[in-house]
There are 4 protein chains.
Amino acid sequence: MASVNPFVAETTFNVRYAETDMMGIVHHSCYIVYFEEARSAYSRQRGRPYSEFQHLGYYLTVTEVNVRYAKPAVYDQQITVRVWIAEMKSRGMTFQYEVVDTKTGETLVTGYTKHVCITHDGKVAVLPALWREWGTS
Amino acid sequence: MASVNPFVAETTFNVRYAETDMMGIVHHSCYIVYFEEARSAYSRQRGRPYSEFQHLGYYLTVTEVNVRYAKPAVYDQQITVRVWIAEMKSRGMTFQYEVVDTKTGETLVTGYTKHVCITHDGKVAVLPALWREWGTS
Amino acid sequence: MASVNPFVAETTFNVRYAETDMMGIVHHSCYIVYFEEARSAYSRQRGRPYSEFQHLGYYLTVTEVNVRYAKPAVYDQQITVRVWIAEMKSRGMTFQYEVVDTKTGETLVTGYTKHVCITHDGKVAVLPALWREWGTS
Amino acid sequence: MASVNPFVAETTFNVRYAETDMMGIVHHSCYIVYFEEARSAYSRQRGRPYSEFQHLGYYLTVTEVNVRYAKPAVYDQQITVRVWIAEMKSRGMTFQYEVVDTKTGETLVTGYTKHVCITHDGKVAVLPALWREWGTS
């Protein structure tokens, strides 16, 4: 296991109406999409959009997802998703997340996702240098 | 305009919880997905799954969607989606849809989608023979 | 038909990865959600979030959706959705939309949605004054 | 911890096109929806649709989700989702899942979800007797 990078990316947006369910709250599956959008923001903010890695022939496939729900988000609520790398390995990494109410800072949801780097034909690969740097600088 | 084929495909399923919104009904965007699933059923029932066309190098891209909402579907309701080809052209077609309550037959939603055949590099193409047959037999 | 209001709301965001499909482009159903998010932005920008109307006991239910696809959006692309009221009636209205590439201004998708004001028990109602104003000022 | 009920519900369906992403596989968030649909099937197969519980004034809210991805599902693939109760408590339960290829039986995804019973005003409640029975018969 390599060293852990303290860089934290944040992305803020309003909950969409389509993301609610008949309980009147955000459907629990939507946070997986919020996590993914936070990873996209992380890549953009580090100057290397995820689409670059795809063009280079790599995918960062998801091997595990875990979400804990503390308090539901509701329609139009402004929320902030924070993401950072919790663990960096030669062929993958773990991202950790915190979804908070933007104004109050109250924690709504936490979670992590584990990833493995694969080539476009599905073979596990060593992370390209551009990505490995995220764990050390 | 070629002749219109009267073949009607039907697919029946229960509304998923995730498809509801805070109004307590199926979110209006979900019917677009139901329409698409009905097209998949149409292809399967005609013995030529859509995946075959993709493997042959074609996509049936969507150029227009129209949906009219008469009565909302709700969670767990069993619904049937009917689809048929309303118009067949050399490079595309129009599918028409009816979403009904499976038990009562009551119409919930109607609509149509227009499609153009393209190759995987995005060029408009004449429909392969396998598809053109759908308009004449 | 009442007078048409020229107020145009704009909302800008990046395409989410989950919104793509195996064609490598944004799935056509997602634009319905983008339209809805644009309506939310419209309400916010006019100082009356849609959630207020819901709390007052109203819904703006969707009776028709139409989308025309000119050019596909792709992952991470920055897009801007423009929305304005094209027609205002006593019990409903028509919103019109334009989805463009934020940088080039190129039109990707256009469409409209028709709405009717209903109470929470499903009865058609005259639009509350707060909403009717959108058509005249 | 109460006794564990061995009843296993199964639901089988084809992957929808809209559920794929630009990697050409089912987006990882969709399995959360498949899990939920399996719970709906579980309720139906035990003779007590989830909608009944909602009408009685209860929700089975989700407090944690965990998904492990072994092999991706693809468009049109016929998959079967198996679900059973792994743990039953007075105020909640844990469901466990297995998503397999219907024809080969190969495991694609596994996971669990934890739930707590709440009333419609959000208070934690003892599971109604109808639900508690699932853990013992």
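Nothing here was measured: the structure is a model prediction, and the numbers come from that model.

A.B. asks: For this particular structure, what's the right way to read the overall build of chain A?
C.D. replies: Of regular secondary structure, chain A possesses three helices and five strands. If you list the helices and strands of chain A from N to C, you get β-α-α-β-β-β-β-α. Seen through its principal axes, chain A has C-alpha atoms that stretch 45 × 30 × 25 Å. The buried share of chain A, taken over its 137 residues, is 55%. Positive and negative side-chain charges in chain A, numbering 14 and 14 respectively, have mean positions lying 6 Å apart.

A.B. asks: How should I be thinking about the interface of chain C and chain D in this particular structure?
C.D. replies: One widely used convention gives an interface's size as the accessible area the parts lose upon coming together. At the interface, nine residues of chain C touch nine residues of chain D. Taking both sides of the interface into account, the surface hidden between chain C and chain D amounts to around 850 Å²; carbon and sulfur atoms contribute 68%. At the boundary of chain C and chain D, one finds zero salt bridges. At the surface where chain C touches chain D, the tally comes to four residue pairs in polar contact (both at pLDDT 80 or more). Of the residues that constitute the side of chain C that touches chain D, the class distribution is five nonpolar, three polar and one charged.

A.B. asks: When you look at the interface of chain D and chain A in this model, what are you seeing that I'm missing?
C.D. replies: Across the boundary between the two partners, chain D contributes 22 residues, which contact 22 residues of chain A. Broken down residue by residue, the surface that chain D buries against chain A is led by D:Met23, D:His28 and D:Tyr69, which jointly contribute 27%. Across the chain D-chain A interface, the total number found is two salt bridges. Scanning the region where chain D abuts chain A turns up eight residue pairs in polar contact (both at pLDDT 80 or more).

A.B. asks: Teacher, can you tell me more about the relation of the copies chain C and chain D here?
C.D. replies: Both copies of the chain are related by one operation, a rotation about an axis with a shift along it. When chain C is fitted to chain D, the best match, at an RMSD of 0.0 Å, comes from turning it 180° and sliding it 0.0 Å along the axis. Such a combination of rotation and displacement between the chain copies is what one expects of a two-fold axis. Judged by C-alpha distance, C:Asp21 is the residue of chain C that lies nearest the rotation axis, at 1.9 Å. A shared interface surface links the copies, since 100% of the contact residues of chain C are contact residues in chain D too.

A.B. asks: What is the right way to read helix α1 (residues 30–45) of chain D from this model?
C.D. replies: For the α-helix, the turn length of 3.6 residues means that residues three or four positions removed from each other point alike. Residue and element names in this part refer to chain D. Look at α1: 22 Å from first C-alpha to last across 16 residues, which is about the 22 Å you get at 1.5 Å a residue. Taken across its 16 residues, α1 has 14 buried, putting it largely inside the fold. Immediately beyond the C-terminal end of α1, within one or two residues, lies Gly47, with a positive phi of roughly 85°.

A.B. asks: Just checking my understanding: could you explain the sheet that holds strand β3 (residues 78–88) of chain C for this structure?
C.D. replies: Each strand in a sheet pairs with another by means of backbone hydrogen bonds, the pair being arranged parallel or else antiparallel. An order of β1(B)-β3(B)-β4(B)-β5(B)-β2(B)-β2(C)-β5(C)-β4(C)-β3(C)-β1(C) is seen for the ten strands of this open sheet, with the pairing classed as antiparallel. Of all the strands in the sheet, the pair left with one neighbour each is β1 (9–14) of chain B together with β1 (9–14) of chain C. Between one strand axis and the next, the sheet turns by 25° as a mean value, whatever way the strands run.

A.B. asks: Looking at this structure, how should I read the sheet that holds strand β3 (residues 78–88) of chain A?
C.D. replies: Pairing in this open sheet of ten strands is antiparallel, and the strands run β1(A)-β3(A)-β4(A)-β5(A)-β2(A)-β2(D)-β5(D)-β4(D)-β3(D)-β1(D) from one edge to the other. Looking at the sheet topology across the chains shown, the edges are occupied by β1 (9–14) of chain A together with β1 (9–14) of chain D. Ignoring strand direction, the axes of neighbouring strands in this sheet form an average angle of 25°. Across six bridges, the pairing between β1(A) and β3(A) is antiparallel. Looking at β3(A), one finds that A:Thr11 is bridged to A:Val81.

A.B. asks: Even after reading the chapter, I still don't get the packing of aromatic side chains, so can you show me in this structure?
C.D. replies: Counted according to the given criterion, the structure contains 56 aromatic pairs over all chains. Aromatic pair B:Phe13 and B:Tyr34: ring centres 5.0 Å apart, planes at 65°, arrangement edge-to-face. Here B:Tyr34 lies in helix α1 (residues 30–45) and B:Phe13 lies in strand β1, a separation of 21 residues in the sequence. What makes B:Phe13 buried here is its relative accessible area of 13%. Taken together, a centroid distance of 3.5 Å and an interplanar angle of 5° make the contact between B:Phe53 and B:Trp131 stacked. With B:Phe53 in helix α2 (residues 50–55) and B:Trp131 in helix α3 (residues 129–132), this pair connects stretches of sequence that are 78 residues apart. For the pair formed by B:Phe53 and B:Trp131, the shared burial category is buried. Every member of this aromatic cluster is reached through a ring pair, and the members are A:Phe7, A:Tyr42, A:Tyr50, A:Phe53, A:Phe95, A:Trp131, A:Trp134, C:Tyr17 and C:Tyr75.

A.B. asks: Explain the side chain of B:Asp101 here, please?
C.D. replies: All names here are of chain B. Along the chain, Asp101 turns up in strand β4 (residues 92–101). Of the side chains bearing the opposite charge, Lys103 lies closest to the buried Asp101, which forms no salt bridge; the N-O distance is 6.8 Å. Looking at Asp101, its side chain comes within polar contact range of the main-chain nitrogen of Thr104, at 2.8 Å.

A.B. asks: Even after reading the chapter, I still don't get empty space enclosed by the protein, so can you show me in this structure?
C.D. replies: In this approach the atoms are scanned with a rolling probe the size of a water molecule, which exposes any empty space left behind. By the definition in use, this model includes one cavity of 30 Å³ or more. Quantified by volume, the largest cavity comes out at close to 870 Å³. Around the largest cavity, the lining comprises 33 residues; the ones closest to its centre are A:Ala18, B:Ala18, B:Ser29, C:Ala18 and D:Ala18. Sorting the residues of the lining of the largest cavity by element identifies α1 (30–45) of chain A, α1 of chain B, α1 (30–45) of chain C together with α1 of chain D as the ones contributing at least two each. Top element by residues in the lining of the largest cavity is α1(B). It accounts for three residues. For the lining of the largest cavity, the per-class residue count stands at 13 nonpolar, twelve polar and eight charged.

A.B. asks: Hey, could you run me through the pattern of salt bridges in this one?
C.D. replies: Opposite charge on two side chains lets them pair, provided their charged atoms get close. With the rule as written, the count across this model stands at 41 salt bridges over all chains. The salt bridge involving A:Arg44 is made with C:Asp76; its shortest N-O contact spans 2.9 Å. With one member in each of two chains, A:Arg44 in helix α1 and C:Asp76 in the loop between β2 (58–69) and β3 form a pair that bridges those chains. Looking at A:Arg44, the relative accessible area reads 27%, which means it is partly exposed.

A.B. asks: What exactly am I supposed to notice about the side chain of B:Thr94 here?
C.D. replies: All names here are of chain B. As for its placement among the helices and strands, Thr94 is situated in strand β4. With a relative accessible area of 10%, Thr94 lands in the buried category. With sequence-adjacent residues up to four places away left out, Thr94 is seen in contact with Trp84, Ile85, Ala86, Glu87, Tyr112, Thr113 and Lys114.

A.B. asks: Is there a simple way to think about the confidence of the model for chain A in this case?
C.D. replies: Fine structural detail should not be taken from predicted coordinates in areas where pLDDT scores are low. Taken residue by residue, chain A gives an average pLDDT of 93. The fraction at 70 or more is 95%. Listed scores for the predicted complex are pTM 0.96 and ipTM 0.94.

About the thresholds
Residues numbered from 1 in each chain as written. Chains lettered and ligands numbered in written order. Predicted model: local features only at pLDDT ≥ 70, side-chain atom pairs only at ≥ 80, totals over all residues. Heavy atoms only, no water. Helix = DSSP H or I, 4+ residues; strand = E, 2+ residues; numbered from the N terminus. Buried < 20%, exposed > 50% of the residue type's maximum accessible area, 1.4 Å probe, protein only. Lys, Arg positive; Asp, Glu negative; His and termini not counted. Charge placed at Lys NZ, Arg CZ, Asp CG, Glu CD. Contact = heavy atoms within 4.5 Å. Buried area = accessible area lost by both parts, 1.4 Å probe. Salt bridge = Lys/Arg side-chain N within 4 Å of Asp/Glu carboxyl O. Polar contact = N/O pair within 3.5 Å; in protein donor to acceptor, adjacent residues only side chain to side chain. Nonpolar A, V, L, I, M, F, W, Y, C, P; charged D, E, K, R; others polar. Least-squares fit on C-alpha atoms with pLDDT ≥ 70 in both. Expected span 1.5 Å × (residues − 1). Pairing = 2+ DSSP bridges. Axes fitted to C-alpha atoms, helices over the stretch in contact; angles between N-to-C directions. Phe/Tyr/Trp six-rings, centres within 6.5 Å; stacked < 30°, edge-to-face > 60°. 1 Å grid on protein atoms, 1.4 Å probe; cavity = no way out; pocket = protein on both sides within 12 Å on 5 of 7 lines; lining within 4 Å. Points joined across faces, edges and corners; volume = space filled by probe spheres on them. pLDDT = per-residue confidence, 0-100.

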